[in-house]
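# Architecture and fold: a report
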Amino acid sequence: MNAPLETQDTCADKLFACGSNRPSANDASRMAEPAANQVPSRKARIAIVGAIGAYWILATLYVMPNNYIRAKAITVMEYYQQVFFQRWEFFAPPATSDYRIYIEAPEEPAAAPVSYELAQPLMEAKRRNAPFNSAETAIDYQLSNSLLAIEVALKEESQNAKRSDSSITDVEAYRRATVAVTSSSSIAMSDVELVRLYCAQAANRLFSTEQRRHYVIRIARRPVAPFRDFVSGRPASSPVPETLILEIPQPP
Amino acid sequence: MNFWKPDSVRPYFFSLAALRIYLAFHLTYQTTYLWAFRLTLFSPNGLYRSSLRVLPSADSDNHINWVLLVTLVLIVYEGLVLLMAAGIGRNWTIGGLFLITATIQKLNPLILNGGHNLLYFLLLFLSFTDSFQHFTLVRTKPPGSWRVFFSWVGLRCIQTQVCLVYVVSGIAKCHSEVWYHGTALYYVLQLERFNAGIFNRWIYGQPVIETLATYAVWLWEIYFPAFLLHRYAKVCSLAFGTFLHLGIALTMMLYDFASLFIAVYLVFLRRDEILWICDGLRTAWRRPKFFFALTRRRSSLPRYSKNSLNFGAACAPPT
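Residues numbered from 1 in each chain as written. Chains lettered and ligands numbered in written order. Predicted model: local features only at pLDDT ≥ 70, side-chain atom pairs only at ≥ 80, totals over all residues. Heavy atoms only, no water.

What follows covers the overall build of chain B. Within chain B, the regular secondary structure consists of 15 helices and zero strands. Put simply, 72% of the contacts in chain B that link residues at least 6 apart link residues at least 24 apart. Carbon together with sulfur atoms contributes 69% to the accessible area of chain B, which is approximately 14,200 Å² in total. (Helix = DSSP H or I, 4+ residues; strand = E, 2+ residues; numbered from the N terminus. Contact = heavy atoms within 4.5 Å. Areas by Shrake-Rupley, 256 points an atom, 1.4 Å probe, with all protein chains shown as cover.)

Given below as structure tokens:
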């Protein structure tokens, strides 16, 4: 009859034993005596478990969807996120569009403007070089996260503009938001600067000296093709147009 | 219930040590990455202009100082990683690694993903856990009561953190239309950022698979902690998670994220369970008929015995 599994020397046990400073499972006689440490007192244990419990209550409160309790504890949450920031809403909801970054400059002499798109070639290079695409990934993360931060800042500034003057239209609120986001005191200033720097590097390669003074940056979103029709099962055929998010002029 | 007993951590010392070794490899990869792209990521001449930037501009007179500083930090970082792998310095080494990791993450938060966020908490909780009972160069004493107690706290914190990650992710998906209608996977795999070109075109033409896979991922995330309550459901759930994250690595090019999440599953497996899985895989490797080989094994998944706590000499409780 076989011995219980815990006391058998299995193949994997032998495999792992080579790196261990411990004896194998069968060699109980070599088991060292445990250190004679003081047993933690009941009060100490309760205090530590209480502190850890309080931490987990805060953590749960921090990661839960926005609600009345969380909103009331906003000050505590701000302190909490200084040290324990966490965000786990992976693709919920998932992004349904790709970013497009255009740099556009007037062609000399004053004909149709010359335009280049910068995001798609980067993603293509990332895909082509996978899994050795660390360089492209490093730029992609910085660029995409900045674009996301700019979009969030635009929404916030739009809401602020509407709050301060309820008579303005959505278009006017959006116009004010674009001005606020591209200004030097914007909350997304570092993100706008990052996009500007990336575009400037590309413009140095692509544009002439004269064009470099006048080019503008346009950030847009290109929605992916919608999921197929539920009834017919056919893929959606109509292309979805791009939407402009922000136009960043050259700084004076 | 065993969950609340500090001694219940003993069968997990093996898993914690294995996780520490994995983290050494993971952090070595990250150090190499940071070293290779230090100019792009941290230099004042790079893309990101953080208010936290303390390094002088590379074209200024302090260029040499800056290069020295970055070199020094990364050498110290890798040195600590090697010490952690060898088990030297024990919890202090992991604590030091946690502090440097937190600093580096704050220097350029734009390059972080969910894997970096989890790594932060793993190092924090591992810094007060005894993960040095296996795979160390120096011989370690069996843990005393305090070490067992703090290891228990650390282990349960890591386990709770992973459960929190999945449950929060699952709950957040509940109010998303694309997850509700089973189209989320389609949209995610269509994005240029996460399109590795492997399987994506094939999946595009398989709406049934897309829909079923979307719901499977969603339900698995929400019920992740519940699956841990039953031993076979736990192994199946972790196997599903492993395949899911392998898929994420292959199709979405998130290699470090996926590998960390697969490695962290170790904290849910006791030593005997890991050995059981390894034995099963080894047998399956020898025999080409994989599932047949697994089912013909003489033993089933080991059952946890709360009275004996007999998991071999390495996990024996203090007497």
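For the structure shown, the criterion picks out 22 salt bridges over all chains. Note that Glu192(B) and Arg100(A) form a salt bridge whose closest N and O atoms lie 2.8 Å from each other. Here Glu192(B) is found in the loop between α8 (184–190) and α9 (200–204), whereas its partner Arg100(A) is found in strand β1 (residues 97–105) on a different chain. Comparing Glu192(B) with Arg100(A), the two get one shared label, buried. Between Asp272(B) and Arg270(B) there is a salt bridge, with the nearest N and O atoms lying 3.2 Å from each other. (Salt bridge = Lys/Arg side-chain N within 4 Å of Asp/Glu carboxyl O. Buried < 20%, exposed > 50% of the residue type's maximum accessible area, 1.4 Å probe, protein only.)

On to helix α12 (residues 231–252) of chain B. Here α12(B) is 22 residues long and its end C-alpha atoms lie 31 Å apart, about the 32 Å a rise of 1.5 Å per residue gives. Following α12(B) by one or two positions, Met253(B) adopts a phi angle in the positive range, close to 65°. (Expected span 1.5 Å × (residues − 1).)

A word on the environment of Val49(A). Inspection of the secondary structure assignment puts Val49(A) in helix α2 (residues 42–63). Discounting chain neighbours no more than four positions away, the residues touching Val49(A) are Phe149(B) and Trp152(B).

Turning our eyes to something else, we now look at the packing of aromatic side chains. Describing an aromatic ring pair means giving the distance of the ring centres and the angle of the ring planes. Residues and elements named next belong to chain B. Enumeration according to the criterion identifies 36 aromatic pairs over all chains in this entry. Ring centres 4.8 Å apart and planes at 45° place the aromatic pair phenylalanine 257 and phenylalanine 261 in the tilted group. Placement of the pair is phenylalanine 257 and phenylalanine 261 together in helix α13 (residues 255–263), with a separation of four residues, close to one helical turn. By relative accessible area, which is 8% here, phenylalanine 257 ends up buried. Overall, phenylalanine 261 belongs to the buried group, its relative accessible area being 1%. (Phe/Tyr/Trp six-rings, centres within 6.5 Å; stacked < 30°, edge-to-face > 60°.)

Within soluble globular proteins, side chains that are nonpolar generally end up buried alongside one another. Residue and element names in this part refer to chain B. Leu23 and Phe224 are the most contacted members of the largest nonpolar core, which totals 101 residues. In terms of residues, this core owes the most to one element, helix α6 (residues 145–174), which gives 14 residues. Not counting the four nearest positions on each side in its chain, leucine 23 is found in contact with Met84, Leu119, Leu122, Leu123, Leu126 and Leu260. (Core = buried A, V, L, I, M, F, W, Y, C linked by side-chain atoms within 4.5 Å.)

Another aspect to go through is the confidence of the model for chain B. Parts of the prediction with low pLDDT should not have their coordinates interpreted in detail. Residues and elements named next belong to chain B. For chain B, the average pLDDT comes to 85, and 83% of its residues sit at 70 or higher. Here residues 52–56 is modelled with pLDDT under 50, and outside its nearest four sequence neighbours on either side it reaches 15 contacts, counting other chains as well. Note on the complex model: pTM 0.85, ipTM 0.84. (pLDDT = per-residue confidence, 0-100.)

This brings us to the side chain of Arg270(B). Counting through the fold element by element, Arg270(B) comes out in the loop between α13 and α14 (271–286). Looking at Arg270(B), its side chain comes within polar contact range of the side chain of Asp272(B), at 3.2 Å. (Polar contact = N/O pair within 3.5 Å; in protein donor to acceptor, adjacent residues only side chain to side chain.)

Residues and elements named next belong to chain A. With respect to topology, four strands assemble into an open sheet ordered β2-β1-β3-β4, the strand pairing being antiparallel. Every other strand in the sheet has two partners, leaving β2 (114–117) and β4 (243–248) as the edge strands with one partner each. Across this sheet, the average inter-strand angle for adjacent strands is 25°, counted without regard to direction. Note that β1 and strand β3 (residues 216–223) share eight bridges and pair antiparallel. (Pairing = 2+ DSSP bridges. Axes fitted to C-alpha atoms, helices over the stretch in contact; angles between N-to-C directions.)

We now examine the confidence of the model for chain A. Overall, the prediction assigns chain A a mean pLDDT of 81, with 81% of residues at 70 or greater. Between residues 1–36 of chain A, whose pLDDT stays under 50, and residues either more than four places distant or in other chains, the model counts 76 contacts.

To continue, consider the side chain of Arg70(A). Relative to the helices and strands, Arg70(A) is located in helix α3 (residues 68–72). Discounting residues that sit within four places of it in the chain, Arg70(A) has contacts with Leu61(A), Tyr62(A), Met64(A), Pro65(A) and Met77(A).

The next subject is the environment of Ile104(B). All names here are of chain B. Considering the arrangement of structural elements, one finds isoleucine 104 in helix α4 (residues 90–107). For the pair isoleucine 104 and phenylalanine 268, spaced 164 residues apart in sequence, the C-alpha separation works out to 29 Å. Ignoring any residue separated from it by four or fewer positions in sequence, one finds isoleucine 104 in contact with Leu34 and Phe42.

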